[in-house]
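Each chain, letter by letter, is given below.
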Amino acid sequence: MKQLSILENGDGLFNTHVTLQDVQEVIQEQLNTKSILGKNTKYILIGEGNGIMSRIILVEPDWTVDADHLPSKFVLKIPYCVHFQGLIRQMMGSNPMSKEQEAGLMMMLEAESHGVHNREVNMNTILEKWEKGETLLNSKIYFSKKFDSDNKSKGFIGMEYVENSVVRHLYVNVKPIELYPVLKSLAYFQAGTLQLNEEEKNSISGFDLAKLAGPALTEDGIKGILQQARLINLEKLDEKVKKIEEFGHGVVNFELACNLNKYVGINQPVLVHGDLWSTNILWKERNGKPIADKIIDYAGIHMGNPAEDIVRVFVSTLSGADRQTHWKHLLNQFYIYFLEALQSEKAPYTLDQLKESYRCYFVTGGLALLPLFGPVTQGKLMMCSENEDKEGYKRVITEKMERLLDDIEKYHLLSRNVTKSYKKPVARN
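With an unreviewed UniProt entry as reference, the protein is termed CHK kinase-like domain-containing protein, source organism Caenorhabditis briggsae.

Written out as structure tokens, the structure is:
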């Protein structure tokens, strides 16, 4: 009997293959309860427009057996690849793949989606063991189910619902000082690398940037991505896009991005969230000011270079002008937090190595975010209410995109020969 696939719509919750019975069985086992989700339980699809690889469902339970340890609300995250398939086809635009190429890509996507989900579950387990939620800003996890050889379609995570929180999307500018709690969280997260044992490291291994992003960043893929970027504001972005197009596929440098630690002289890789952009930071208002409250979605978890998450956060949250003006100061502040978190442990990299990593990773990180400024953001804007300032949002997106394209050009020219001029360090006694 053919197994169900997460690449296809299912008959379960919100077109996934996960059924209510699947969820209830895991709840009863992992929360040690006989209660089930009663008939008055509410299921609300949330997070549409904020992500492309999962269904996010708010569950308001009608528990049949009351118990203090059962949550009054929780979020159910279910891997769901149908949106992502559509995004890839949209990025390809006028350069569609052959049927054979598309079949191969979808097979890889399914396998990688399983690995991504399982690594996130494993990272959540590690974070819970650390018990540093106040600093790391990670959400409480109630239950989860992994994929395996007998289960290729029913993975999910049940996690804390953060009341009164908001996402500040790409079309909102975050002030540099507002990122301090995020930088502190990330610094302590990276410092946690030194606590990992070999079993834990193995449980989150397997991430392959070239394999995951490669299909989207082919020569035709880059053409499609840049065309989508151009259409955000043809008048202001056309010339800037043309400058990137002149580099051709040479602007993509997986060798540098995937082996960056080697090229900047860092011997100890650190924990990388892997998907730390604006939609994975939840904010709350306190005393009239937005405060970063939670960092979510560790699906991209891996060991890598310390600048990877920082590039994504800066590009997606800050105005282009603020990012260009304050990135060095923010890295200085991050490194202060990092040394604080390490306490007496030796730092695995220097501040100068971090800054050089930022410059060298910027092109890859920026290119990976470009599609989110295009189709994903446009889809989110279409869902805005009449009372929202769509034109203001578009101005924010255009300004971020202008500066992003400028810096992709700048940092490509700066870093494109790093791998060619690399000389292996000489061992010294």
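Before going further, it helps to spend a moment on unusual backbone geometry. Note: most peptide bonds trans; most residues except glycine with negative phi. Even without being glycine, Asn15 reaches a positive phi, approximately 70°. Inspection of the secondary structure assignment puts Asn15 in the segment before helix 1 (20-30). Here Asn15 falls in the partly exposed class, since its relative accessible area comes to 39%. Here Leu137, not a glycine, exhibits a phi torsion of approximately 65°, which is positive. With respect to the helices, strands and loops of the structure, Leu137 is situated in the loop between helix 4 (133-136) and strand 4 (141-145).

The subject of this paragraph is helix 5 (residues 180-191). Taking 1.5 Å as the rise per residue, helix 5 with twelve residues should run 16 Å; its terminal C-alpha atoms sit 16 Å apart, in good agreement. Extensive coverage of helix 5 is indicated by the burial of nine of its twelve residues. Val182, Leu183, Ser185, Leu186, Ala187, Tyr188, Phe189, Gln190 and Ala191 are the residues of helix 5 that are buried.

Quick look at the sheet that holds strand 8 (residues 281-286) now. Taking strand neighbours across the sheet as the criterion, the three strands line up as 6-8-9 in an open arrangement whose pairing is antiparallel. Only two strands of the sheet have a single neighbouring strand rather than two, namely strand 6 (166-167) and strand 9 (289-295). By the bridge criterion, six bridges tie strand 8 to strand 9 in an arrangement that is antiparallel. The residue of strand 9 that forms the bridge with Arg286 is Lys289.

Cut-offs used in this document
Residues numbered from 1 in each chain as written. Predicted model: local features only at pLDDT ≥ 70, side-chain atom pairs only at ≥ 80, totals over all residues. Heavy atoms only, no water. Helix = DSSP H or I, 4+ residues; strand = E, 2+ residues; numbered from the N terminus. Buried < 20%, exposed > 50% of the residue type's maximum accessible area, 1.4 Å probe, protein only. Expected span 1.5 Å × (residues − 1). Pairing = 2+ DSSP bridges.

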